[in-house]
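# Structural characterization, general
Listed below are the residues making up each chain.
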Amino acid sequence: MNEHDRSNVNFIMSLNERQFDEWASDLTDDDIEYAIEIIKLARAELDLEKMLLDTEHEVEDLTLAKQFLQKFTLH
């Protein structure tokens, strides 16, 4: 996820219910697809961070994690 995407996720997550409804009312289908994709990517990153924190052993090989995150990358 690049800084632009991260900034957009942070913006979306900062909205209260009223602000979200106002913002969402102006979205196109492409905008909605993009928003969902970056939110899923942010979630996957958080899941990976949690997994790394929960593990007792240092993770040397991140191949599996990278493969998992690839399905959430923007095309």
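In the block above lies the structure referred to throughout.
Since this is a predicted model, take the numbers as computed values, not measurements.

What counts, and at which threshold
Residues numbered from 1 in each chain as written. Predicted model: local features only at pLDDT ≥ 70, side-chain atom pairs only at ≥ 80, totals over all residues. Heavy atoms only, no water. Helix = DSSP H or I, 4+ residues; strand = E, 2+ residues; numbered from the N terminus. Expected span 1.5 Å × (residues − 1). Polar contact = N/O pair within 3.5 Å; in protein donor to acceptor, adjacent residues only side chain to side chain. Salt bridge = Lys/Arg side-chain N within 4 Å of Asp/Glu carboxyl O. Buried < 20%, exposed > 50% of the residue type's maximum accessible area, 1.4 Å probe, protein only. Phe/Tyr/Trp six-rings, centres within 6.5 Å; stacked < 30°, edge-to-face > 60°.

### A short note on helix H1 (residues 3-14)
- For H1, spanning 12 residues, the distance from its first C-alpha to its last is 16 Å, which sits close to the expected 16 Å at 1.5 Å a residue.
- The opening residue of H1, the one whose side-chain oxygen lies 3.0 Å from the backbone nitrogen of His4, is Asn2.

### Quick word on the pattern of salt bridges
- One pass over the structure, following the stated rule, counts 3 salt bridges.
- Between Glu45 and Arg6 there is a salt bridge, and its shortest N-O distance comes to 3.2 Å. Taken together, the residues span a long stretch of sequence, with Glu45 in helix H3 (residues 29-54) and Arg6 in helix H1 at a distance of 39 residues.
- Here Arg43 and Asp47 are joined by a salt bridge, their closest N and O atoms 3.0 Å apart. One end of the pair is Arg43 and the other is Asp47, both in helix H3 and 4 residues apart, which spans about a single turn.
- Using a relative accessible area of 33% as the deciding quantity, one classes Asp47 as partly exposed.

### Considering the packing of aromatic side chains
- A complete count under the given rule lists 2 aromatic pairs for this structure.
- Plain terms: the ring middles of Phe20 and Trp23 are 5.4 Å apart, the flat faces sit at 55 degrees to each other, and that makes the pair tilted. One end of the pair is Phe20 and the other is Trp23, both in helix H2 (residues 17-24) and 3 residues apart, which spans about a single turn.
- Taking the relative accessible area as the measure of exposure, Trp23 reaches 22% and is therefore partly exposed.
- Here the aromatic cluster, defined as three or more aromatic residues joined through ring pairs, consists of Phe11, Phe20 and Trp23.

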